[in-house]
Amino acid sequence: PPPHFFFFSKSGRRDHNEVQFNATFGSCLDALAPVFDRNPKLAWIAKQLAEPERTITFRVAWLDDQGTLRLNRGFRCQYSSSLGPYDGGLHFGKHVTTDYVKASAFDAL
């Protein structure tokens, strides 16, 4: 099998519940497949990108206008500091999951 297939299958086994991330990662590897086929020594890049450096989950407590305590969960995913400061922002919302944040951060690379 091609070198990039190994990294995609490993990511799928490790993060099998992260459907959005695996789809984004797989499409990127498919696009980079000709590069990896011509120069297999570059396949280590895929291994680096398969896992972010940091994924941060945090909570923010706040009082609404009626004085009710509210809690929100926030996320931040940081992929590579080798190119300079991290890019991206904080994500809040009921629809936001770790899978969504990892896929969005990977897409922004």
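Here, every reference points to the structure presented above.
Quick summary incoming for the structure in this document. The shown structure was predicted, so the numbers you read here are calculated from the model rather than taken from an experiment.

**A look at the nonpolar core**
Here's step 1: By size, the foremost hydrophobic cluster in this structure holds 14 residues, and its most contacted members are Phe21, Phe25, Leu29, Cys77, Tyr79, Val101 and Phe106.
Here's step 2: For this core, the secondary structure elements donating two or more residues are helix H2 (19-38), strand S2 (69-78) and helix H4 (98-107).

**Remarks on the pairing of strand S1 (residues 54-63)**
Here's step 1: One ladder, built from ten bridges, connects S1 with S2; its direction is antiparallel. Bridging across to S2, Leu63 finds its partner in Leu69.
Here's step 2: Linking S1 to S2, which pair antiparallel, is a turn of five residues; within it Gly67 sits at a positive phi near 85 degrees.

**Description of the pairing of S2**
In summary, the side chains of a regular strand alternate between the two faces of the sheet.
Here's step 1: Where S2 lies against strand S3 (residues 91-92), two bridges are found, and the strand directions are antiparallel. Bridge pairing in S3 places Gly74 opposite Phe92.

**Some words on the packing of aromatic side chains**
Here's step 1: Tallying each qualifying case throughout the model produces five aromatic pairs.
Here's step 2: Aromatic side chains Phe21 and Phe25 sit 5.7 Å apart centroid to centroid with 10 degrees between the ring planes, which places their arrangement in the stacked category. Residue Phe21 and its partner Phe25 are both found in helix H2; the two are separated by four residues, about one turn of the helix.
Here's step 3: Classification of Phe21 as buried rests on a relative accessible area of 0%.
Here's step 4: Taking the relative accessible area as the measure of exposure, Phe25 reaches 1% and is therefore buried.
Here's step 5: Plain terms: the ring middles of Phe58 and Phe92 are 5.7 Å apart, the flat faces sit at 85 degrees to each other, and that makes the pair edge-to-face. Taken together, the residues span a long stretch of sequence, with Phe58 in strand S1 and Phe92 in strand S3 at a distance of 34 residues.

About the thresholds
- Residues numbered from 1 in each chain as written.
- Predicted model: local features only at pLDDT ≥ 70, side-chain atom pairs only at ≥ 80, totals over all residues.
- Heavy atoms only, no water.
- Core = buried A, V, L, I, M, F, W, Y, C linked by side-chain atoms within 4.5 Å.
- Buried < 20%, exposed > 50% of the residue type's maximum accessible area, 1.4 Å probe, protein only.
- Helix = DSSP H or I, 4+ residues; strand = E, 2+ residues; numbered from the N terminus.
- Pairing = 2+ DSSP bridges.
- Phe/Tyr/Trp six-rings, centres within 6.5 Å; stacked < 30°, edge-to-face > 60°.

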